[in-house]
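Tertiary structure, described
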Amino acid sequence: QVATDSSAGSGVRLEGIQVLSHDRTVRLPFATVGEARTIKRGQLLRELAQAAQDAGAAWRWDSAVTGPLLDDGVLVGVETSSGAVFGRIFVVADGALSHFGRALGTSRRRTRPQALVAVATIDDSAAEPRAWLDLAIDLRELFDLPGPGLGWVAPVGNHRLDVGVGVLSTYRDSDSVIIADVLSAWRAQAPGAHGDNQQVAYNTNIGRIPLGDGVW
């Protein structure tokens, strides 16, 4: 088992979750303050890499995986830029749209939902650092969307917030959703935005994420 200590290290220690819906806010505090934290992906990967190394894992940073090695249809190894690596168990952990997974025969199941997602990192103008993860579960009603949507605000440290939205893609008229516009509307009223839609966005990412068994 490889894990990181949620009560230590970088990131923002959270007090709990605030659920926002229909002009109401319900606070759900964690039993222990700091048992969860928000953390930038790069820092999390560095912490997990160090924890894995401490547990005995070896990293091959300069070796790119180029494809699977099969024996009668069974995965027995991987071809890398520095030679073949053989083993008994392999974990393909490079995402639902993995090229390696596709080489093994996985494909996206188009009858399964995807999430249309947009996330921006903005300044947090609050005097005190935020310590709650805000989840808005009524975006469908707020912005007259054709399907369910979720909005969130997560403190990420250094007086910055990640503000994001996600909308299911499998509902009728979901193609009419312009996810960047939904994000802009959510930023205008999200906790911490103070009605100011002109906060600097340092990074904005937009994409689709397969859900559940959407890749098989």
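The paragraphs below set out a description of the structure included in this document. Values in this document were obtained by computation on a predicted structure and should not be read as measured data. (Residues numbered from 1 in each chain as written. Predicted model: local features only at pLDDT ≥ 70, side-chain atom pairs only at ≥ 80, totals over all residues. Heavy atoms only, no water.)

Some words on the side chain of Asp134
Structurally, the position occupied by Asp134 is in strand E9 (residues 132-136). The exposure class assigned to Asp134 is buried, which follows from its relative accessible area of 0%. Within the local environment of Asp134, its side chain forms a polar contact with the side chain of Gln18, the two groups lying 2.3 Å apart. Those residues in contact with Asp134, other than ones at most four positions away along the chain, are Gln18, Leu20, Gly151, Trp152, Val153 and Pro191. (Helix = DSSP H or I, 4+ residues; strand = E, 2+ residues; numbered from the N terminus. Buried < 20%, exposed > 50% of the residue type's maximum accessible area, 1.4 Å probe, protein only. Polar contact = N/O pair within 3.5 Å; in protein donor to acceptor, adjacent residues only side chain to side chain. Contact = heavy atoms within 4.5 Å.)

Things to note about unusual backbone geometry
Backbone geometry places Asp23, a non-glycine residue, at a positive phi of 65°. Structurally, Asp23 is set in the loop between strand E2 (16-21) and strand E3 (24-29). With a relative accessible area of 85%, Asp23 lands in the exposed category. Phi is positive for Asn158, which is not a glycine, with a value near 55°. The class of Asn158 is exposed, set by a relative accessible area of 74%.

Digging into the sheet that holds strand E10 (residues 149-157)
With mixed pairing, 7 strands are arranged side by side in an open sheet as E3-E2-E9-E10-E11-E8-E12. The sheet terminates laterally at E3 and strand E12 (201-210), the two strands that pair on one side only. The sheet shows a mean angle of 20° between the axes of neighbouring strands, taken without regard to direction. In the packing of helix H4 (residues 179-187) onto the sheet, contacts are made with E2, strand E8 (114-123), E9, E10, strand E11 (160-168) and E12, and the angle to E11 comes to roughly 130°. (Pairing = 2+ DSSP bridges. Axes fitted to C-alpha atoms, helices over the stretch in contact; angles between N-to-C directions.)

Side note on the packing of aromatic side chains
Inspection of every chain in the model, using the stated rule, returns 1 aromatic pair. Ring geometry for Trp59 and Trp61: centres 4.9 Å apart, planes at 15°, overall stacked. The exposure class of Trp59 is partly exposed, given its relative accessible area of 39%. A relative accessible area of 63% places Trp61 in the exposed class. (Phe/Tyr/Trp six-rings, centres within 6.5 Å; stacked < 30°, edge-to-face > 60°.)

Details of the nonpolar core
Most often, soluble globular proteins have nonpolar side chains that are buried together. By size, the foremost hydrophobic cluster in this structure holds 20 residues, and its most contacted members are Leu139, Val163, Val165, Ile179, Val182 and Trp186. Contributions of two or more residues to this core are made by E8, E11 and H4. If sequence neighbours within four positions are ignored, Ile179 has contacts with Leu116, Val117, Ala118, Val165, Val167 and Ile206. (Core = buried A, V, L, I, M, F, W, Y, C linked by side-chain atoms within 4.5 Å.)

Topic: the pattern of salt bridges
For the structure on display, the rule yields 2 salt bridges. The partner of Glu47 in a salt bridge is Arg37, with the nearest N and O atoms 2.7 Å apart. Taken together, the residues Glu47 in helix H1 (residues 41-54) and Arg37 in strand E4 (residues 37-38) connect sequence positions 10 residues apart. Here the two residues Glu47 and Arg37 agree in accessibility, since each one is buried. Linking Lys40 and Asp162 is a salt bridge whose minimum nitrogen-to-oxygen distance equals 3.6 Å. One end of the pair, Lys40, is in the loop between E4 and H1; the other, Asp162, is in strand E11, and 122 residues separate them in sequence. On the accessibility criterion, Lys40 (37% relative accessible area) is partly exposed. (Salt bridge = Lys/Arg side-chain N within 4 Å of Asp/Glu carboxyl O.)

Geometric values such as these leave the question of function open.
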